[in-house]
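Below, each chain spelled out in residue letters.
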Protein chains: 2
Amino acid sequence: MGRWEPDAGGRLARAALELYIERGFDQTTALDIAERAGVTERTFFRYFADKREVLFDGSPALLKAVVDSIAAAPESSGPLDVMGQAMQSGTSLLEERRDHARQRAVAIAANPSLQERELLKMSALGAASAEALRARGVTSPAAELAADAGVAVFARGFENWIAQGETRTLAECIGDAMTELRRLTA
Amino acid sequence: MGRWEPDAGGRLARAALELYIERGFDQTTALDIAERAGVTERTFFRYFADKREVLFDGSPALLKAVVDSIAAAPESSGPLDVMGQAMQSGTSLLEERRDHARQRAVAIAANPSLQERELLKMSALGAASAEALRARGVTSPAAELAADAGVAVFARGFENWIAQGETRTLAECIGDAMTELRRLTA
């Protein structure tokens, strides 16, 4: 495998997901993943701190896209508008990978420790978003609440996007979830 | 210790928190906790599945209070009103224990695996709330978004409540966080 994906990090992430689905997370070692990806175990640990982290290789790029978008938003935008825009800005990294996202969700749902890691990533995204909002002058607790609401909208939009038969883009699913949240709080 | 708290579960929870703050979570074993609480290690594992779970002994009662409140809410109430009320309904279990909650927050903040466990508990509270809303006839994704927003409001209110010098009750902090969320989305 892997000619179309020459980077070792990408090959490892793909191999890990395959193995987690084939054998289960607990039955897969870092060495198994390295072998499937055609690299050494040492190379695995150069790329990833542990066996869980390998499913979250996209997290830093998503977090950066979100934080950059918050910083670049027009001064006149309210905190929740800024968050809605920021959450949609990270989607371009994901739109082409819906099938991958579906398989990944299956692997995560099957293992509580992977669920915990995913929640920690979402929590980190919320904390970084709140910090970026405060840097724009949004006060507490508005900054933290807008950030949490934005992350909840992202998570809900993502879940809808990977549902079987869903045809909307991720950006559309997130936009629709934000509209629904506004309707709820009206 | 423990005369004022004759139940082994409560003694274990208290002993664990003391030890996590004194020595750190990683440096504390289940046996250490059991000895401090004056029971056997076997008794520890009759009460708690692992060393992390011992800090979350109040979670089932909170979840039950929230779900019961959602089920009992007036038919005319909107999903977010129902959630706001439900989140405040669980606070009576906590109001008298602000100092305990502060120490617990310090212990959790010091350890990523405790943070992950806390996030999993909050996620479970959101999932149970969404299910209780759907049982009232609230459709998806409104049920899930209202549940997530309610949990975010609870988490923010809780964080404000344990801040040094805060004098509002937990119920007031949660009510104020909900008001702030509504203002943000207006």
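Report on the accompanying structure.

Reading the values: the criteria
Residues numbered from 1 in each chain as written. Chains lettered and ligands numbered in written order. Predicted model: local features only at pLDDT ≥ 70, side-chain atom pairs only at ≥ 80, totals over all residues. Heavy atoms only, no water. Salt bridge = Lys/Arg side-chain N within 4 Å of Asp/Glu carboxyl O. Helix = DSSP H or I, 4+ residues; strand = E, 2+ residues; numbered from the N terminus. Buried < 20%, exposed > 50% of the residue type's maximum accessible area, 1.4 Å probe, protein only. Least-squares fit on C-alpha atoms with pLDDT ≥ 70 in both. Contact = heavy atoms within 4.5 Å. Expected span 1.5 Å × (residues − 1). 1 Å grid on protein atoms, 1.4 Å probe; cavity = no way out; pocket = protein on both sides within 12 Å on 5 of 7 lines; lining within 4 Å. Points joined across faces, edges and corners; volume = space filled by probe spheres on them. Nonpolar A, V, L, I, M, F, W, Y, C, P; charged D, E, K, R; others polar. Buried area = accessible area lost by both parts, 1.4 Å probe. Polar contact = N/O pair within 3.5 Å; in protein donor to acceptor, adjacent residues only side chain to side chain.

Points about the pattern of salt bridges
Proximity of charged atoms lets side chains of opposite charge pair with each other. Residues and elements named next belong to chain B. What the rule picks out here adds up to 36 salt bridges over all chains. Glu18 is the salt-bridge partner of Arg36, the closest N and O atoms lying 2.9 Å from each other. Of this pair, Arg36 sits in helix H2 (residues 30–37) while Glu18 is found in helix H1 (residues 8–23), placing the two residues 18 residues apart along the sequence. Glu18 sits in the partly exposed class, given a relative accessible area of 28%. The salt bridge partner of Arg156 is Glu159, with a shortest N-O separation of 2.9 Å. Of this pair, Arg156 and Glu159 both sit in helix H8 (residues 142–161), separated by three residues, roughly a single helical turn.

Digging into the relation of the copies chain B and chain A
For these two chains of identical sequence, chain B goes onto chain A by a turn of 180° and a shift of 0.0 Å along the axis, with RMSD 0.0 Å. This pairing of chains is accounted for by a two-fold axis. When each C-alpha of chain B is compared by its distance to the rotation axis, Glu116 of chain B comes out closest, at 2.6 Å. A share of 100% of the interface residues of chain B reappears at the interface of chain A, consistent with the copies meeting face to face through the same patch.

Thoughts on helix H7 (residues 112–135) of chain B
All names here are of chain B. Helix length check: H7, at 24 residues, gives a terminal C-alpha distance of 35 Å against a target of 34 Å (1.5 Å per residue), a fit within 8%. Within H7 the residues assigned to the buried category are Leu114, Glu116, Arg117, Leu125, Gly126, Ala128, Ser129, Ala130, Ala132 and Leu133. Phi for Gly137, located one or two positions after H7, is positive at around 100°.

With respect to empty space enclosed by the protein
A complete count under the given rule lists two cavities of 30 Å³ or more for this structure. Surrounding the largest cavity, Ala13, Leu17, Val54, Leu55, Asp57, His100 and Arg104 of chain A form its lining. Elements with a contribution of two residues or more to the lining of the largest cavity: helix H1 (8–23) and helix H6 (98–109) of chain A. Residues that form the lining of the largest cavity fall into these classes: four nonpolar, one polar and two charged. Looking at the second largest cavity, its volume works out to about 30 Å³. Elements represented by at least two residues in the lining of the second largest cavity include exactly H1 and helix H6 (98–109) of chain B. For the lining of the second largest cavity, the residue count by class is four nonpolar, one polar and two charged.

Some details on the interface of chain B and chain A
Facing 27 residues of chain B, the contacting portion of chain A comprises 28 residues. Surface buried jointly by chain B and chain A totals about 2,400 Å² across both partners, of which 69% is contributed by carbon and sulfur atoms. Across the chain B-chain A interface, the total number found is six salt bridges. Note that Arg117 of chain B and Glu116 of chain A form a salt bridge whose closest N and O atoms lie 3.2 Å from each other. Run the count over chain B and chain A and you get nine residue pairs in polar contact (both at pLDDT 80 or more). Among the secondary structure elements, those contributing two or more residues to the side of chain B that touches chain A are helix H5 (79–89), H7, H8 and helix H9 (170–185) of chain B. Among the elements that line the side of chain B that touches chain A, the one with the most residues is H8 of chain B, at 10 residues. For the side of chain B that touches chain A, the class distribution of residues is 14 nonpolar, four polar and nine charged.

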